[in-house]
Amino acid sequence: GQTMPPILRKLGRWRHAGLPVWGPWACAALSLLLLRLGPQLLALPALPALPTQALWLLLSALAAAWCLPWCLLRGLKLQAQLGGHSVAGQPATLQLLLHNRAPWPALLLKLQLRWRWAGRESEVLIPVSMLGPGQRMDLGATQVFDCRGDYELLQVQVGCAFPLGLMEVKRLLARQLGHHLV
């Protein structure tokens, strides 16, 4: 068979993440246009050049802080299998696989698992520094249940505040995933 050029493989991964194939080209063209025309758009006659450039850099950083978290979360998918039993105080035997389908890494993630046990709800926060393109991470091995009982996983939510921490974006990955007996 024929091998696909690297640029087409990357575009295929982009499409697999649920994004249009023209997306990378549109982002690159918009970035170049803003870099070229942005300073002229903000160049007011009454302002000196240095404050105008500083204002342009500040606006660019704010736009990146607003857009990047949405892009980083877009390619994440959760696969869950909760059936079975585990022993109290030992790592759980459940599978919660977080998969990054995007062609870029997902950085500075915060996963929130909401469990219900004995009529009470509790949250577990799992920080993930980086999940590379195409990588999977098993979150089930990180769960340890101290008490016996029936645990119900109500929802899994992921948050991202990359790059500046100015805005945290949250995305619901799954809801009402099932029960796990301890």
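Here's a quick rundown of the structure.

So, the sheet that holds strand 1 (residues 76-81)
Stage number 1. Pairing in this open sheet of three strands is antiparallel, and the strands run 1-2-5 from one edge to the other. Every other strand in the sheet has two partners, leaving strand 1 and strand 5 (136-138) as the edge strands with one partner each. Along the sheet, successive strands turn relative to each other by an average axial angle of 20 degrees, direction set aside.

Examining the pattern of salt bridges
Stage number 1. Under the definition given, this model contains three salt bridges.
Stage number 2. Glu-121 is the salt-bridge partner of Arg-116, the closest N and O atoms lying 3.5 Å from each other.
Stage number 3. Glu-152 is paired through a salt bridge with Arg-116; the nearest N and O atoms lie 3.3 Å apart. Of this pair, Glu-152 sits in strand 6 (residues 150-160) while Arg-116 sits in strand 3 (residues 106-117), and the two are 36 residues apart along the sequence.
Stage number 4. Exposure remark for Glu-152: the relative accessible area of 15% places this residue in the buried category.
Stage number 5. Given the relative accessible area of 32%, Arg-116 is considered partly exposed.
Stage number 6. Put simply, Arg-116, Glu-121 and Glu-152 are held in one network by salt bridges that share partners.

Cut-offs used in this document
Residues numbered from 1 in each chain as written. Predicted model: local features only at pLDDT ≥ 70, side-chain atom pairs only at ≥ 80, totals over all residues. Heavy atoms only, no water. Pairing = 2+ DSSP bridges. Helix = DSSP H or I, 4+ residues; strand = E, 2+ residues; numbered from the N terminus. Axes fitted to C-alpha atoms, helices over the stretch in contact; angles between N-to-C directions. Salt bridge = Lys/Arg side-chain N within 4 Å of Asp/Glu carboxyl O. Buried < 20%, exposed > 50% of the residue type's maximum accessible area, 1.4 Å probe, protein only.

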